[in-house]
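In case you want the letters, here they are:
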Amino acid sequence: MRTVDLSDAELTVYSAEHLMHELQYFRYTAGELAPLDKPSPMVTVLLESFLIHLRNLIDFLHTPRVKEEDDVIASDFCPGWSETMSSTLKAAKERANKELSHLTLERKSAHDPSKPWDVAGLFYEVSDVAKRFAAKASPTKLSPEVPKWLGVNYGTITVAVFGNMTTSSNTTSTMTVTSFGGAPPSNNTTHP
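The text that follows walks through the structure, step by step, so that each part is easy to find.

Conventions adopted
- Every residue gets a number counted from 1 within its own chain, in the order that chain's sequence is written.
- Per-residue local features of the predicted model are confined to residues with pLDDT of at least 70, and side-chain atom pairs are confined, for both listing and counting, to 80 or more; whole-chain, interface and lining totals are unaffected and use all residues.
- With hydrogens and water set aside, each side-chain value is computed from the structure's full complement of heavy atoms.
- The method works on a 1 Å grid over the protein atoms by themselves. A cavity is a set of points holding a 1.4 Å probe that cannot get out, a pocket is an open set with protein on both sides within 12 Å along at least five of seven lines, and residues with an atom within 4 Å of a point line them.
- Grid points are joined across faces, edges and corners, and a volume is the space filled by probe spheres set on the points.
- Helix numbering and strand numbering both begin at the N terminus, where a helix is a DSSP run of H or I of at least 4 residues and a strand a DSSP run of E of at least 2.
- Each residue is assigned to one class: nonpolar for Ala, Val, Leu, Ile, Met, Phe, Trp, Tyr, Cys and Pro, charged for Asp, Glu, Lys and Arg, and polar for all the others, Gly among them.
- Only Phe, Tyr and Trp rings are paired, with Trp represented by its six-membered ring, and only when their centres lie within 6.5 Å; those with planes under 30 degrees apart are stacked, over 60 edge-to-face, the remainder tilted.
- Relative accessibility decides the category of a residue: with a 1.4 Å probe and only protein chains considered, values under 20% of the type maximum give buried, values over 50% give exposed, and everything between is partly exposed.
- The criterion for a charge sitting over a ring is simple: Lys NZ or Arg CZ within 6 Å of the ring centre, and within 35 degrees of the ring normal.
- By this rule, a helix spans an expected 1.5 Å times one less than how many residues it contains.
- Bend, at a single residue, is the angle you get between axes fitted to the 7 residues ending at that residue and the 7 residues starting at it.
- Polar contact is defined as a pair of N or O atoms within 3.5 Å, subject to the rule that within protein one atom must be able to donate a hydrogen and the other to accept it, and that residues adjacent in sequence are counted only when both atoms are side-chain atoms.
- Here, two residues are considered to be in contact whenever any of their heavy atoms come within 4.5 Å of each other.

1. A few points about empty space enclosed by the protein
Here is step 1: Inspection of the entire model under this criterion finds 3 cavities of 30 Å³ or more.
Here is step 2: A volume near 60 Å³ is recorded for the largest cavity.
Here is step 3: If you trace the largest cavity, you find it lined by Leu-23, Phe-26, Arg-27, Phe-123, Val-126, Ser-127, Lys-131, Trp-149 and Leu-150.
Here is step 4: Counting only elements with at least two residues in the lining of the largest cavity, the list comes to helix 1 (8–33), helix 5 (119–136) and helix 6 (145–150).
Here is step 5: For the lining of the largest cavity, the leading source of residues is helix 5, giving 4 residues.
Here is step 6: Of the residues in the lining of the largest cavity, the class split is 6 nonpolar, 1 polar and 2 charged.

Structure representation (structure tokens):
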């Protein structure tokens, strides 16, 4: 349990640097994966990076107030924040914990039909939660760049649209990317 709390000014600086980094690279890697339809080492690298940022954002947005001493979480910026983790995000976090951080028997084989990751679905779901968080966060704690970058304006939520896609990791022997219905999110790391 944490014994030291950050001041509003420290949280603002932290969110401008570290939370923005997670959000930007979460979007960047999703956007880079969107047009890729053939397995390659770069696809695996991008997917693994996407999954690391996914895990970090899930933890940030869904960790209850009782946390590790040095964790910074959404409720630091938004007192009373509580977001129930969906079964989809819970499963993605558990799977990423196993497949990214451990050599384990729980890694899926290249031929497992459940191996592909729903990158677009995970992107949308985390982005929606992040936008709700930014709309409710204290403006004295959260850098104004975060809601601006997420497209949150006056409590409304703007949803970026890009095609549905899934992709696999830990092997480049199988991958499915289906992109339709729009363009991937901008790869610009400073603006939406």
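2. Points about the layout of surface pockets
Here is step 1: When its volume is computed, the largest pocket comes out at roughly 330 Å³.
Here is step 2: Every element with two or more residues in the lining of the largest pocket is listed here: helix 1 and helix 2 (41–62).
Here is step 3: Residue classes in the lining of the largest pocket are distributed as 6 nonpolar, 4 polar and 5 charged.
Here is step 4: Considering only enclosed or pocket space, the second largest pocket measures out at about 150 Å³ in volume.
Here is step 5: In terms of lining, the second largest pocket is formed by Thr-88, Ala-91, Ala-92, Arg-95, Lys-108, Ser-114, Trp-117, Asp-118, Gly-121 and Leu-122.
Here is step 6: For the lining of the second largest pocket, the elements supplying multiple residues, two or more each, are helix 4 (87–101) and helix 5.

3. Some remarks on the packing of aromatic side chains
Here is step 1: For the structure shown, the criterion picks out 8 aromatic pairs.
Here is step 2: Taken together, a centroid distance of 6.1 Å and an interplanar angle of 85° make the contact between Phe-77 and Phe-133 edge-to-face. Taken together, the residues Phe-77 in helix 3 (residues 74–77) and Phe-133 in helix 5 connect sequence positions 56 residues apart. With respect to burial, Phe-77 and Phe-133 carry one shared label: buried.
Here is step 3: Geometrically, the ring pair formed by Trp-81 and Phe-133 is edge-to-face, given 5.8 Å between the ring centres and 80° between the ring planes. With Trp-81 in the loop between helix 3 and helix 4 and Phe-133 in helix 5, this residue pair connects regions lying 52 residues apart in the sequence.
Here is step 4: For Phe-133, a relative accessible area of 1% corresponds to the buried category.
Here is step 5: An aromatic cluster of at least three residues, connected via ring pairs, comprises Phe-26, Phe-50, Phe-123 and Tyr-124.
Here is step 6: For Arg-27, the ring lying beneath its charged end belongs to Trp-149, and the centroid distance is 4.0 Å.

4. Observations concerning helix 1
Here is step 1: A rise of 1.5 Å per residue sets the reference length of helix 1, with its 26 residues, at 38 Å; its end C-alpha atoms lie 36 Å apart and thus fit the reference within 8%.
Here is step 2: In the structure, helix 1 departs most strongly from a straight axis at Ser-15, where the bend amounts to approximately 40°.

5. Describing the side chain of Arg-95
Here is step 1: Considering the arrangement of structural elements, one finds Arg-95 in helix 4.
Here is step 2: Of note is the side chain of Arg-95, whose polar atom sits 2.4 Å from the backbone oxygen of Lys-115.
Here is step 3: Excluding residues within four positions of it along the chain, Arg-95 makes contact with Lys-108, Ser-114, Lys-115, Pro-116 and Trp-117.

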